[in-house]
Structures are given as structure tokens and as C-alpha cells.
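Each chain, written out:
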Amino acid sequence: MRTRMAVSVISICLVAGAVLPAMAASVYRHVDAEGNVVYSDEPGAGTRVDLKPITVVDPTEVEPRVDSRQPVTPEVPAVEYERFVITRPENQQTLPTGQAGNVQVRLAIEPALQRSDRVQLRVDGKISQSPMHTSVFVLSQLPRGEHQLQADLVDAQGQVRLSTPPVTLYVQRASINLPANPNNPSRGK
């Protein structure tokens, strides 16, 4: 058994001895008549270049590099929200004429909104406010009539996880057709 191991070690040394000189061949730098730099293994009129040894690494042993420019965020389990509702305006509330269709929408979110979650606001089924990390939205110039408000909780992947119950809001707006409106041109007649 010892003889067989010794023969194996000697064989490996002989093979390595034959391969290493071929791997360590000299490299020469030449500059041609047009000023181009050319590297070659033939000496000719070139100058010898000493190259640093090449480090060879087995790719199966390399650990993946972490890009330091991108923050590493551990996967956080989804939080179960106990409360996610629109608190203002109240359901069936009428927005008076003097507010010109402007309203602030407030939500109650418990526990607090998580860093990776966002809220989007829908008016009459259409997204009015894109997902943001907030619990307050401002709507401007809502037209006269009945509107349905609803908020969606959106996770980091853009998926809607939760929706509030819809809130109905009635908006009153001034009309030039009303006799009491100061903007009605026929009022002074």
C-alpha cells in the first residue's frame, strides 16, 4: 500500500514538472512600424515582459459577492393588520359647497404601517393616489355627486393585501343654475 502511494505521489510530481514550464512561457512586447503594441511568445526584437502569476480559483468554492451599493434587507414576515379603515370622511358624509370638492382622507392602521407596505387610494374604483407610505391623502376638486372611497394596502411586490370597507361621500358644488349662487349672471335681474 505504501509503495502504491509513493508511486502516485511521484507520478503527480512528474506530471506537474512537465506542465509547469509550459504554463510559465515567456511573453514579449513588440511595437510595430505603425506604433501598435503586440504581445507574443516569440522573442524577435521585443522586450521580455514578466507577468504576475495567475490565480486560479475553483468556481464551486467561491462565495457569492454581495454588492455593497445595494442594502441587504432581510425577508420580513408580513404583518397582520388588526385595523385598516378610512376614518375621515365618515361614511355617508356630505361635503358642503364651500369646500369646493376638496377633502382630506384619513386612515386608521394598526399596528403602524410597516416600512415595506404602501397605501393607495381609489375613488369610484379607479386609483386616484399611487401607493405611498402614508395614512393621509388629499383629494382636490371632486366633482358634484356621490363618490366611493376605498384604500388598498399594497406589499413590497405590488400585491394588494388588504382593502378598507368602501366609504360613500356626497359632494355638493356651487352651480350657476342655482338662483342663490353669487356667480349666477341672472341673479341681479
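As shown above, the structure is provided for reference.
Report on the accompanying structure. (Residues numbered from 1 in each chain as written. Predicted model: local features only at pLDDT ≥ 70, side-chain atom pairs only at ≥ 80, totals over all residues. Heavy atoms only, no water.)

**A word on the overall build of the protein**
Part 1 of the argument: Check the secondary structure of the protein and you find one helix and 12 strands.
Part 2 of the argument: Order of helices (α) and strands (β) in the protein, N terminus to C terminus: α-β-β-β-β-β-β-β-β-β-β-β-β.
Part 3 of the argument: With 189 residues in all, the protein has 22% of them scored as buried.
Part 4 of the argument: A separation threshold of at least 6 residues defines the contact pool for the protein, and within that pool the share at least 24 residues apart is 52%.
Part 5 of the argument: Accessible area of the protein: about 14600 Å², with a carbon and sulfur share of 55%. (Helix = DSSP H or I, 4+ residues; strand = E, 2+ residues; numbered from the N terminus. Buried < 20%, exposed > 50% of the residue type's maximum accessible area, 1.4 Å probe, protein only. Contact = heavy atoms within 4.5 Å. Areas by Shrake-Rupley, 256 points an atom, 1.4 Å probe, with all protein chains shown as cover.)

**Section: the sheet that holds strand S2 (residues 37-40)**
Part 1 of the argument: An order of S2-S1-S3 is seen for the three strands of this open sheet, with the pairing classed as antiparallel. The sheet is open, and its two edges are formed by S2 and strand S3 (47-49), each paired on a single side. Geometrically, the sheet is characterised by an average inter-axis angle of 35° between neighbouring strands, direction not taken into account. (Pairing = 2+ DSSP bridges. Axes fitted to C-alpha atoms, helices over the stretch in contact; angles between N-to-C directions.)

**A closer look at a nonpolar patch on the surface**
Part 1 of the argument: On the surface, a cluster of nonpolar side chains totalling about 300 Å² of accessible area is made up of Val31, Val37 and Tyr39.
Part 2 of the argument: With respect to the helices and strands, the residue Val37 is situated in strand S2.
Part 3 of the argument: Residue Val37 is classed as partly exposed on the basis of its relative accessible area of 41%. (Patch = residues over 30% accessible without salt bridge, like charges linked within 9 Å, V, L, I, M, F, W, Y side chains within 5 Å. Salt bridge = Lys/Arg side-chain N within 4 Å of Asp/Glu carboxyl O.)

**Looking at the environment of Asn36**
Part 1 of the argument: Inspection of the secondary structure puts Asn36 in the loop between strand S1 (27-31) and S2.
Part 2 of the argument: We classify Asn36 as partly exposed; its relative accessible area is 38%.
Part 3 of the argument: Discounting chain neighbours no more than four positions away, the residues touching Asn36 are His30 and Val31.

**Quick look at the environment of Ser135**
Part 1 of the argument: In this structure, Ser135 sits in the loop between strand S8 (126-132) and strand S9 (136-139).
Part 2 of the argument: By relative accessible area, which is 30% here, Ser135 ends up partly exposed.
Part 3 of the argument: It is 8.2 Å that separates the C-alpha atoms of Ser135 and Leu113, two residues lying 22 residues apart in sequence.
Part 4 of the argument: Ignoring sequence-local partners within four residues, the contact set of Ser135 consists of Val105, Arg106, Leu107 and Ile109.

**Some points on the side chain of Arg122**
Part 1 of the argument: The residue Arg122 is located in strand S7 (residues 118-123) in this model.
Part 2 of the argument: Every residue in contact with Arg122, bar those within four places of it in the chain, is listed here: Ile127, Ser128, Gln148, Leu149, Gln150, Asp152 and Ser163.

**Regarding the nonpolar core**
Part 1 of the argument: Judged by nonpolar contacts, the single largest core of 21 residues is most densely connected at Leu107, Val119, Leu139 and Leu149.
Part 2 of the argument: Secondary structure elements with two or more residues in this core: strand S4 (83-88), strand S6 (103-110), S7, S9, strand S10 (145-154) and strand S12 (167-171).
Part 3 of the argument: Considering each element in turn, this core owes the most residues, four residues, to S6.
Part 4 of the argument: In contact with Leu149, other than residues within four places in its own chain, are Ile86, Pro89, Val105, Arg122, Val123, Leu139, Pro165, Pro166, Val167 and Leu169. (Core = buried A, V, L, I, M, F, W, Y, C linked by side-chain atoms within 4.5 Å.)

**Here we look at the pairing of S10**
Part 1 of the argument: Of all 10 residues in S10, seven are buried, a share of seventy percent or more.
Part 2 of the argument: Bridge count between S10 and S12: five bridges; the pairing is antiparallel. Bridging across to S12, Glu146 finds its partner in Tyr170.
Part 3 of the argument: Of the strand pairs in this sheet, S10 and strand S11 (residues 160-163) are connected by three bridges, and their pairing is antiparallel.

**With respect to the side chain of Gln120**
Part 1 of the argument: Tracing the backbone shows Gln120 in strand S7.
Part 2 of the argument: When neighbours within four sequence positions are excluded, Gln120 is seen to be in contact with Ile127, Gln129, Ser130, Pro131, Phe137, Gln150, Ala151, Asp152, Val154 and Val160.

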